[in-house]
2 protein chains.
Amino acid sequence: MTCPFASLFRLGITTIHRTPLASGTRSNEPKRLFVAKNTKARTSASSSSSSNENTHNGTMSAKSRFTSSSFTDETITTENTTKKKSARIALVQLASTSSKEENIENMLARVEEALSSSSSSSSSSSSGDKPLKLAEEEKKIVDIVVLPEMWNCPYGNEFFAPFAEDVVLDRGSSVAEEEGRGSTSPSFDAMRKIAKEKKVVLFGGSIPTRKDGKLFNTCFVFDSDGALIATHHKMHLFDVDIPDGITFFESKTLTAGDAVTIANTKDFGKFGVGICFDMRFPEYARACALEGCIGMIYPGAFNTVTGPLHWALLQRCRAVDNQMFVATCSPARVEGASYQAHGDSSVYGPFGEKLNDKELEEKPGVVYADLDLNEVVKRRSAMPLNKQRRLSETYELCAKKEENV
Amino acid sequence: MTCPFASLFRLGITTIHRTPLASGTRSNEPKRLFVAKNTKARTSASSSSSSNENTHNGTMSAKSRFTSSSFTDETITTENTTKKKSARIALVQLASTSSKEENIENMLARVEEALSSSSSSSSSSSSGDKPLKLAEEEKKIVDIVVLPEMWNCPYGNEFFAPFAEDVVLDRGSSVAEEEGRGSTSPSFDAMRKIAKEKKVVLFGGSIPTRKDGKLFNTCFVFDSDGALIATHHKMHLFDVDIPDGITFFESKTLTAGDAVTIANTKDFGKFGVGICFDMRFPEYARACALEGCIGMIYPGAFNTVTGPLHWALLQRCRAVDNQMFVATCSPARVEGASYQAHGDSSVYGPFGEKLNDKELEEKPGVVYADLDLNEVVKRRSAMPLNKQRRLSETYELCAKKEENV
């Protein structure tokens, strides 16, 4: 592995630009680093300034070796010098109906409510469980909002096509570019609008989207100025057939995405974005951590079979393995729905500690948590897994099929 | 990635032989596949037939890409056709003293006891918690025995050198080759002897070993005929400095191993072998699963700070992620010792289910569990993570240092 660009070339990557570094400021000047066409892995930057030369406007993509070089204390420390030191996150656990309009209205109302009634006990503005009416400045105590998977429709293969929205733009497009698109993507526009108006980073759970005749399970992430900073198409589709448990084949209707997605927020640094079944793959969170993420955000709809067994386990272990925050946001359970969601939206810290202010279980509501971003530095310093991890080559073994080569 | 041998060549691997496939029979004829010198990854086979041309006698080593090709139902099903369908495992949680002789005697006595008093409720010979005296045939209800990390000495940097044994032979050596070595390696010989006498597979926890002037934390695995089938040098050393928690630097005295280790048992298939801190790295268990392992065995000595938080979490998540068995064996806690072990030796199944017959907590004793090996096939079939996992390249992102290349 002497040539770090070998894998880039193998994937046919022809254009290499400079990735904008995370910072509190923005530039409209293109920065050069890794922008790539037709690649299997990509990062999204808070800057909207990158190249428009491919079909993914501003896509920040790259392919290279899975090394530990970027997973260092130094990276975190350096990046945080220009960022805020803590973030309050709100997970909005929504119950969806079979009316998209209702679901959008409900989302907007519940997010507004979440922003005006942050109940975390560690807030100086908090007074216990009682909803607060805060002045405009005080409302900004919530920094990040997360929505559930498939929040604009019931969860089921029969709903994905009729509820899907045609979202032409992908990641990195400027706010100006996104204006005037409301008519074709009401869910997208509602998310962008509230992120911008309320000045919050919004991890938009997921909605079904349509592109080039294919359906995707898609998470849009908006920065606090409304800029789209990440678009994640669920990469591992939910196909299971558990005897006496649950049978579901998302792949009957959906197409899998092909990339790890990172949202680079201007104030809080990088977060990996996965959807539900993506959480089952440790490689996914690891790839994000190696790229400097301080957290993973997983909208997800585990069910009543795998939820009690694996939902908390997986998120907590991803947090501990990668010494990062892990937040999940589930739909609430809807009586009579064909798919029964587990609920239990949660936030874990980089030592595996649960940070929720409360347990929602399967009910609609909001969970708050305060993320002390220095905890990531502290944990990675106290137990330097980053330094102790061996190069990825070390973990590789012979593949049986190579016997025949 | 068109040349599967590219990575082999990069590592300077010059000799390629055939890996013995798992089977119930053995051959003394060398088979050709991947045996390599100076490689970073290796597998150990139940056969002792491989090349002796390098310093690791019979080392079965290979280096290649980390693909999903070998992690298939077919692999498991095929391999199990020549193997037994279930295995009873006994985890022997030992309390060590500062006398190696005492520790060896105690180990032998406790293993004998474990084999004669299997208390698993699913055993037809069992009668609850009451120790049983079984006839020779009935004693064989235990198939696999696991010992704790550093069972022949107290856990502490000051003990590793004086307790270390000079073990010249490495993996794959024949029983004949191992004879007559008792004088320099009493712990090694005691383990081999009891495995052979009692006809059990023995995962020998770990002991400090010395080789080429370096100290290692080493696990030897013996098949039920006493053949050494794997030698694992702890690959990730325990170096932590947790404020108000625990400070320990294993690297002050020990040298890290450089390879993932797999023990290929003749009756039960392949098990990955890691030691303690190795469990913190999801890549490690994943590498073993991709190579066809149906379980991981981790002797380990988590402490009273990280034990309650992470010990069960990590082992259960490794099991769920890889749909395999995960067994851990800890030392018992010794009052007054400088290092306080967590205890809680456990076995989890491939859906994350705890299989222990009881909870030892920090006390000395034996935990039994019955492993239904078909559970691995069943779980991998119901939720085919193996098929849904994307190629490793997909998870790779740009490493920052490559900006400068």
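Residues numbered from 1 in each chain as written. Chains lettered and ligands numbered in written order. Predicted model: local features only at pLDDT ≥ 70, side-chain atom pairs only at ≥ 80, totals over all residues. Heavy atoms only, no water.

### Structural notes on the overall build of chain A
A count of helices and strands for chain A gives 11 helices and 17 strands. Expressed as a percentage of the 405 residues in chain A, the buried residues total 66%. The long-range share in chain A, meaning contacts at least 24 apart out of those at least 6 apart in sequence, stands at 67%. Of the roughly 13700 Å² that chain A leaves accessible, carbon and sulfur atoms contribute 51%. (Helix = DSSP H or I, 4+ residues; strand = E, 2+ residues; numbered from the N terminus. Buried < 20%, exposed > 50% of the residue type's maximum accessible area, 1.4 Å probe, protein only. Contact = heavy atoms within 4.5 Å. Areas by Shrake-Rupley, 256 points an atom, 1.4 Å probe, with all protein chains shown as cover.)

### Quick look at the sheet that holds strand β12 (residues 261-265) of chain B
Residues and elements named next belong to chain B. If you trace the five strands from one edge of the open sheet to the other, you get β12-β13-β14-β15-β16, paired in mixed fashion. At either end of the open sheet lies a strand with only one pairing partner, and these are β12 and β16 (346-348). Geometrically, the sheet is characterised by an average inter-axis angle of 20 degrees between neighbouring strands, direction not taken into account. Looking at chain direction, strand β13 (residues 269-273) and strand β14 (residues 295-299) are connected through three bridges and run parallel. Considered in β14, the bridge of Gly272 is made with Met296. (Pairing = 2+ DSSP bridges. Axes fitted to C-alpha atoms, helices over the stretch in contact; angles between N-to-C directions.)

### As for the sheet that holds strand β15 (residues 325-329) of chain A
Residues and elements named next belong to chain A. Across the sheet, five strands lie side by side as β12-β13-β14-β15-β16; this open sheet has mixed pairing. Two strands close off the open sheet at either side, each with one partner strand: β12 (261-265) and β16 (346-348). Across this sheet, the average inter-strand angle for adjacent strands is 20 degrees, counted without regard to direction.

### A closer look at the pairing of β14 of chain B
Residue and element names in this part refer to chain B. Taken across its five residues, β14 has five buried, putting it largely inside the fold. Residues of β14 alternate between two faces, with Gly295, Ile297 and Pro299 on one and Met296 and Tyr298 on the opposite face, all of them buried. Strand direction decides the pairing type here: β14 and strand β15 (residues 325-329), joined by five bridges, are parallel. Within β15, the position partnered with Ile297 by the bridge is Ala327.

### Brief notes about the nonpolar core
Membership of the largest hydrophobic core comes to 148 residues, with the highest contact counts inside it found for Ile89 and Phe203 of chain A together with Ile89 and Phe203 of chain B. Those residues in contact with Phe203 of chain B, other than ones at most four positions away along the chain, are Ile144, Val145, Val146, Leu147, Phe220, Val221, Ala263, Phe271, Val273 and Ile297 of chain B. (Core = buried A, V, L, I, M, F, W, Y, C linked by side-chain atoms within 4.5 Å.)

### Describing the confidence of the model for chain A
Residue and element names in this part refer to chain A. Confidence along chain A averages 76 in pLDDT terms, with 68% of residues attaining 70 or more. Note that residues 1-78 has pLDDT below 50 and, in this model, 228 contacts with residues that lie over four places away or in other chains. Predicted confidence is poor over residues 170-176, with pLDDT under 50, and the contacts of this stretch with residues over four places away or in other chains come to 30 contacts. (pLDDT = per-residue confidence, 0-100.)

### Here's the deal with helix α8 (residues 282-290) of chain A
Residue and element names in this part refer to chain A. Across the nine residues that make up α8, a large majority, nine, are buried. Inspection of α8 places Pro282, Glu283, Tyr284, Ala285, Arg286, Ala287, Cys288, Ala289 and Leu290 among the buried residues, and these make up the whole buried set. Once α8 finishes, Gly292 follows within two positions and takes phi at roughly 100 degrees, a positive value.

### Some details on the pattern of salt bridges
Residue and element names in this part refer to chain A. For the coordinates displayed, the defined rule picks out 38 salt bridges over all chains. Two residues, Glu112 and Lys198, come together in a salt bridge whose shortest N-O distance is 3.2 Å. Residue Glu112 is located in helix α3 (residues 100-116), and its partner Lys198 is located in helix α7 (residues 186-198); the two are separated by 86 residues in the primary sequence. According to the relative accessible area criterion, Lys198 is partly exposed, its value standing at 22%. (Salt bridge = Lys/Arg side-chain N within 4 Å of Asp/Glu carboxyl O.)

### Topic: the packing of helix α9 (residues 306-322) of chain A against helix α9 (residues 306-322) of chain B
At their nearest, the axes of α9 of chain A and α9 of chain B sit 9 Å apart, and the two run at 110 degrees to each other. When the axes of α9 of chain A and α9 of chain B are compared, the pair comes out roughly perpendicular. Between α9 of chain A and α9 of chain B the crossing geometry is left-handed. Residues Leu309, His310, Leu313, Leu314, Arg316, Cys317, Arg318, Val320 and Asp321 of chain A of α9 of chain A touch α9 of chain B, and the partners they reach there are Leu309, His310, Leu313, Leu314, Arg316, Cys317, Arg318, Val320 and Asp321 of chain B. Tallied by class, the residues present in the contact of α9 of chain A with α9 of chain B amount to 10 nonpolar, two polar and six charged. (Parallel < 35°, antiparallel > 145°, perpendicular 65-115°, else oblique. Left-handed = near helix turned anticlockwise from the far one by under 90°. Nonpolar A, V, L, I, M, F, W, Y, C, P; charged D, E, K, R; others polar.)

### What to know about unusual backbone geometry
For residues besides glycine, phi is generally negative; the peptide bonds are generally trans as well. Residues and elements named next belong to chain A. Positive phi is not limited to glycine here, since Asp212 has a value of about 50 degrees. Within the element layout of this structure, Asp212 appears in the loop between β7 (207-211) and β8 (214-222). Classification of Asp212 by relative accessible area gives exposed; the value is 72%. Notably, Cys276 is not glycine yet its phi reads approximately 50 degrees, a positive angle.

### Topic: the environment of Ala190 of chain B
Residue and element names in this part refer to chain B. Position of Ala190 relative to the elements: it lies in helix α7 (residues 186-198). The class for Ala190 is buried, based on a relative accessible area of 7%. Beyond its immediate sequence surroundings of up to four residues, Ala190 is in contact with Ile104, Met107 and Leu108.

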